[in-house]
Amino acid sequence: MPLTLLVLALWALAFLTLNTLVSVRVWRISRLPRWRRALPGLLLCIAIAASLVRATGTTLVAETLAFPLFVATAAIGLFELRRYRARSSRPDDSGTLT
């Protein structure tokens, strides 16, 4: 196996792990509405399903949807985590999100 393929596989595994951890952390923020807590997880599930479609021979779906959905999962999840941390670390705020 070429070294570049191994590096690419390790990068993909790390990115999937990041997406999973971010989705779980966002889900655990109880002050968010349910749909905002579930959005990163739902996007991650759709991205994994689009990526698994590649096994059936339909690569167009995986090429057009999987990677952008993985990026959207990470971006939305990190946005929600940063917003929650910024609001809960203010000394004058009770930590509630509106």
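Above this text you will find the structure in question.
Below you will find a few notes about this structure. (Residues numbered from 1 in each chain as written. Predicted model: local features only at pLDDT ≥ 70, side-chain atom pairs only at ≥ 80, totals over all residues. Heavy atoms only, no water.)

## Details of the environment of Phe67
At step 1: Looking at the element boundaries, Phe67 is found in helix α3 (residues 59-88).
At step 2: Owing to a relative accessible area of 47%, Phe67 belongs among the partly exposed residues under this scheme.
At step 3: For the pair Phe67 and Ala47, spaced 20 residues apart in the sequence, the C-alpha separation amounts to 7.2 Å.
At step 4: When neighbours within four sequence positions are excluded, Phe67 is seen to be in contact with Trp11, Phe15 and Ala62. (Helix = DSSP H or I, 4+ residues; strand = E, 2+ residues; numbered from the N terminus. Buried < 20%, exposed > 50% of the residue type's maximum accessible area, 1.4 Å probe, protein only. Contact = heavy atoms within 4.5 Å.)

## Some details on α3
At step 1: Taking 1.5 Å of rise per residue, the 30 residues of α3 would be expected to cover 44 Å, and the 43 Å separating its terminal C-alpha atoms lies within 8% of that figure.
At step 2: Where α3 bends most, at Leu65, the angle is about 30°, and the proline Pro68 comes one to four residues later.
At step 3: Turning to α3, its buried residues are Ala62, Ala66, Leu69, Phe70, Thr73, Ala74, Gly77, Glu80, Leu81 and Arg87.
At step 4: Close packing links the buried residues of α3 with α1 (3-27) and α2 (34-52). (Expected span 1.5 Å × (residues − 1). Bend = angle between axes of the 7 residues up to and from the residue.)

## Thoughts on the nonpolar core
At step 1: Counting residues in hydrophobic clusters, the biggest one holds nine residues: Phe15, Leu43, Leu44, Ala47, Ala50, Ala66, Leu69, Phe70 and Ala74.
At step 2: Every element with two or more residues in this core is listed here: α2 and α3.
At step 3: Setting aside residues up to four positions removed in sequence, Ala74 forms contacts with Phe15 and Asn19.
At step 4: Within the second largest apolar cluster, five residues are counted, among which are Val22, Ile29, Leu32 and Leu81. (Core = buried A, V, L, I, M, F, W, Y, C linked by side-chain atoms within 4.5 Å.)

## Considering the packing of aromatic side chains
At step 1: Scanning the model with the defined rule gives three aromatic pairs in all.
At step 2: A centroid spacing of 5.3 Å and a plane angle of 5° characterise the contact between Trp11 and Phe15, whose relative ring orientation is stacked. On the criterion of helical spacing, the pair formed by Trp11 and Phe15 is a turn pair, its members being four residues apart in helix α1.
At step 3: Summarising the aromatic geometry, the rings of Trp11 and Phe67 are spaced 6.4 Å apart at their centres and angled 40° between planes, so their arrangement reads as tilted. With Trp11 in helix α1 and Phe67 in helix α3, this residue pair connects regions lying 56 residues apart in the sequence.
At step 4: According to the relative accessible area criterion, Trp11 is partly exposed, its value standing at 47%.
At step 5: Ring pairs connect the aromatic residues Trp11, Phe15 and Phe67, which therefore count as one cluster.
At step 6: Its guanidinium or amino end placed over the ring of Trp27, Arg37 lies 4.7 Å from that ring's centre, counting from NZ or CZ. (Phe/Tyr/Trp six-rings, centres within 6.5 Å; stacked < 30°, edge-to-face > 60°. Lys NZ or Arg CZ within 6 Å of the ring centre and 35° of its normal.)

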